[in-house]
Amino acid sequence: MKLRAFGRLLGAHPIVAVGIALLLRSDLGPAPWEIFHVGLAQATGLSIGAAASTTSIAAVLIAFVAGVRPGIGTLVNAVILGGCIDAALAVIPAAPSLAVASCYLAAGIVLLGLGTGLYLSAELGSDRAEHGPHQHQR
């Protein structure tokens, strides 16, 4: 594993988490997974980040049983992102007005896209993805 790729992987999580927190604090329509995590948190008493981590770990376990070996990026994501989400939610207040909420929403979408791109650029996901049909055989 290249150090630079691992750095991108680690750097992506706080960016994604701030994007998610901004979407949630905007109260203008977070992504479906975040709505699920909010509902899971409300139903179980977990924090939103803990609900996200629980969901991620469950997905990794299901994929593993299905024969998909998770890469280091997938495992790091399952463990780290939830804590980053909770940290971001702890410091980002609810939007006090529609104008601020709109800015939160726009910034959240941009950060979520940038962080996801950074995460994917590390190419540290599942081993199956590295050898999928879209890859050229050597």
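From a predicted model like this one, the values you see are computed outputs, not experimental measurements. (Residues numbered from 1 in each chain as written. Predicted model: local features only at pLDDT ≥ 70, side-chain atom pairs only at ≥ 80, totals over all residues. Heavy atoms only, no water.)

Draft legend 1. Region of interest: the overall build of the protein. When helices and strands are counted, the protein shows six helices and zero strands. Overall, the protein shows an N-to-C arrangement of helices and strands of α-α-α-α-α-α. In the protein, buried positions account for 32% of the 138 residues. (Helix = DSSP H or I, 4+ residues; strand = E, 2+ residues; numbered from the N terminus. Buried < 20%, exposed > 50% of the residue type's maximum accessible area, 1.4 Å probe, protein only.)

Draft legend 2. Representation of the nonpolar core in the model. The biggest cluster of nonpolar side chains holds 14 residues, and the ones touching the most others in it are Ala17, Ile20, Ala21, Leu81, Ile85, Leu89 and Ile92. Going through the elements one at a time, α1 (3–26) and α4 (72–91) are the ones with two or more residues in this core. Per element, the largest residue contribution to this core is six residues, and it comes from α1. Discounting residues that sit within four places of it in the chain, Leu89 has contacts with Ala21, Leu24, Arg25 and Ile48. (Core = buried A, V, L, I, M, F, W, Y, C linked by side-chain atoms within 4.5 Å. Contact = heavy atoms within 4.5 Å.)

Draft legend 3. Seen up close, the environment of Leu24. The residue Leu24 is located in helix α1 in this model. A relative accessible area of 15% means that Leu24 is categorised as buried. It is 8.8 Å that separates the C-alpha atoms of Leu24 and Gly108, two residues lying 84 residues apart in sequence. Every residue in contact with Leu24, bar those within four places of it in the chain, is listed here: Pro30, Glu34, Val38, Ile48 and Leu89.

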